Amino acid sequence: QAMAGVFFVGMTNGLMFSYYAEGAFVMIKLLGLSPIQYGMTFILFACATIIGGWMTSMLYARYEVNQVVRAGVCTIIMALLCSVVVVGASLILPISNVVLLSTIVVVHVVTMGGRCLVTSSAISAALSEYRDCSGVASSVFCFLSYGVTTLCTAGMGFLHNGTLFPLPFYFLFLALCLLVVERLLAASVRESGKS
């Protein structure tokens, strides 16, 4: 469960940092936002983080940690699928920059909310096994998860090609990797419950 938590936190942070790395180019250079307007979008992301944290605490009262993680992963995937559909459709349809901008911002607001569900739950579950050495465990956890984050962000930089398309498709790939980890964790929990 601890290593699953490392991947959950690392990849969801990878989504966030990859957006920071590629988003400015996409939003300002390709879609025409001013730097000030681009900066203002982060207010929405902060609000999504606050709402996501509040929703996490509400869900904890009714559901198990793994169910909250699954809800977060599914939220992220559904949002990113919308982004892929709209950006993909712009290859063959005359979709305006306003629609593309709105889609990207709304999708990443929802993704930030889903990220809160995943990270809060993953950190809580991963570190609960190490109460006797919580300081060391949290340091190792952060080191490993930020290693995963670094790899994810480097992947975004590697895929940068001066167009809009790497961002949504790479993000969906990362989200699907999250789903694989969540499914493997769920299977592991079921197996340990049987034994």
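## Notes on the overall build of the protein chain
For step 1, the next point in the chain: Within the protein chain one finds 6 helices and 0 strands.
For step 2, the next point in the chain: For the protein chain, the α and β elements follow one another from N to C terminus as α-α-α-α-α-α.
For step 3, the next point in the chain: Taking 2.2 N^0.38 as the reference for a compact globule, 195 residues should give roughly 16 Å; the C-alpha atoms of the protein chain span a radius of gyration of 17 Å, in line with that estimate.
For step 4, the next point in the chain: Seen through its principal axes, the protein chain has C-alpha atoms that stretch 55 × 30 × 30 Å.
For step 5, the next point in the chain: A separation threshold of at least 6 residues defines the contact pool for the protein chain, and within that pool the share at least 24 residues apart is 82%.
For step 6, the next point in the chain: Surface exposure of the protein chain reaches about 9900 Å², of which carbon and sulfur atoms provide 73%.

## Brief notes about the packing of helix H1 (residues 2-30) against helix H3 (residues 65-89)
For step 1, the next point in the chain: The interhelical angle for the contact between H1 and H3, taken along N-to-C directions, is 30 degrees, at an axis separation of 13 Å. With respect to H3, the axis of H1 lies roughly parallel. Like other packed secondary-structure pairs, H1 and H3 cross with a definite hand, here left-handed. Here H1 contributes Phe8, Thr12 and Leu15 to the contact with H3, which in turn contributes Val69, Val73, Ile76 and Leu80.
For step 2, the next point in the chain: Tallied by class, the residues present in the contact of H1 with H3 amount to 6 nonpolar, 1 polar and no charged.

## Some words on the pattern of salt bridges
For step 1, the next point in the chain: Across all of its chains, the model carries 2 salt bridges by this definition.
For step 2, the next point in the chain: Put simply, Glu182 and Arg70 hold a salt bridge, and the shortest N to O gap is 3.0 Å. Linking Glu182 in helix H6 (residues 166-194) with Arg70 in helix H3, this pair joins segments that are 112 residues apart in sequence.
For step 3, the next point in the chain: With relative accessibility at 30%, the residue Arg70 sits in the partly exposed group.
For step 4, the next point in the chain: Ionic pairing is found between Arg183 and Glu182, a salt bridge with its closest N-O pair at 2.9 Å.
For step 5, the next point in the chain: Using a relative accessible area of 38% as the deciding quantity, one classes Arg183 as partly exposed.
For step 6, the next point in the chain: Assessed through its relative accessible area of 3%, Glu182 is described here as buried.

## With respect to the side chain of Thr56
For step 1, the next point in the chain: With respect to the helices and strands, Thr56 occurs in helix H2 (residues 35-60).
For step 2, the next point in the chain: By relative accessible area, Thr56 is classed as buried at 3%.
For step 3, the next point in the chain: Among all residues touching Thr56, those that are not within four sequence positions of it are Val68, Cys116, Leu117, Ser120 and Ser121.

## Remarks on the environment of Ala4
For step 1, the next point in the chain: Of note, Ala4 is situated in helix H1.
For step 2, the next point in the chain: Spatially, the C-alpha atoms of Ala4 and Cys116 are 16 Å apart, while their sequence positions differ by 112 residues.
For step 3, the next point in the chain: Excluding residues that lie within four positions of it along the chain, Ala4 makes contacts with Val181 and Leu185.

## A look at the nonpolar core
Generally speaking, a soluble globular protein has its nonpolar side chains buried in company with each other.
For step 1, the next point in the chain: In terms of nonpolar packing, the biggest core is built from 48 residues, with Phe8, Met27, Leu31, Leu80 and Phe171 touching the most fellow members.
For step 2, the next point in the chain: Setting aside residues no more than four positions away along its own chain, Phe171 makes contact with Leu15, Ser18, Tyr19, Leu80, His108, Met156 and Pro166.

Parameters at a glance
Residues numbered from 1 in each chain as written. Predicted model: local features only at pLDDT ≥ 70, side-chain atom pairs only at ≥ 80, totals over all residues. Heavy atoms only, no water. Helix = DSSP H or I, 4+ residues; strand = E, 2+ residues; numbered from the N terminus. Rg over C-alpha atoms; globule rule 2.2 N^0.38 Å. Contact = heavy atoms within 4.5 Å. Areas by Shrake-Rupley, 256 points an atom, 1.4 Å probe, with all protein chains shown as cover. Axes fitted to C-alpha atoms, helices over the stretch in contact; angles between N-to-C directions. Parallel < 35°, antiparallel > 145°, perpendicular 65-115°, else oblique. Left-handed = near helix turned anticlockwise from the far one by under 90°. Nonpolar A, V, L, I, M, F, W, Y, C, P; charged D, E, K, R; others polar. Salt bridge = Lys/Arg side-chain N within 4 Å of Asp/Glu carboxyl O. Buried < 20%, exposed > 50% of the residue type's maximum accessible area, 1.4 Å probe, protein only. Core = buried A, V, L, I, M, F, W, Y, C linked by side-chain atoms within 4.5 Å.

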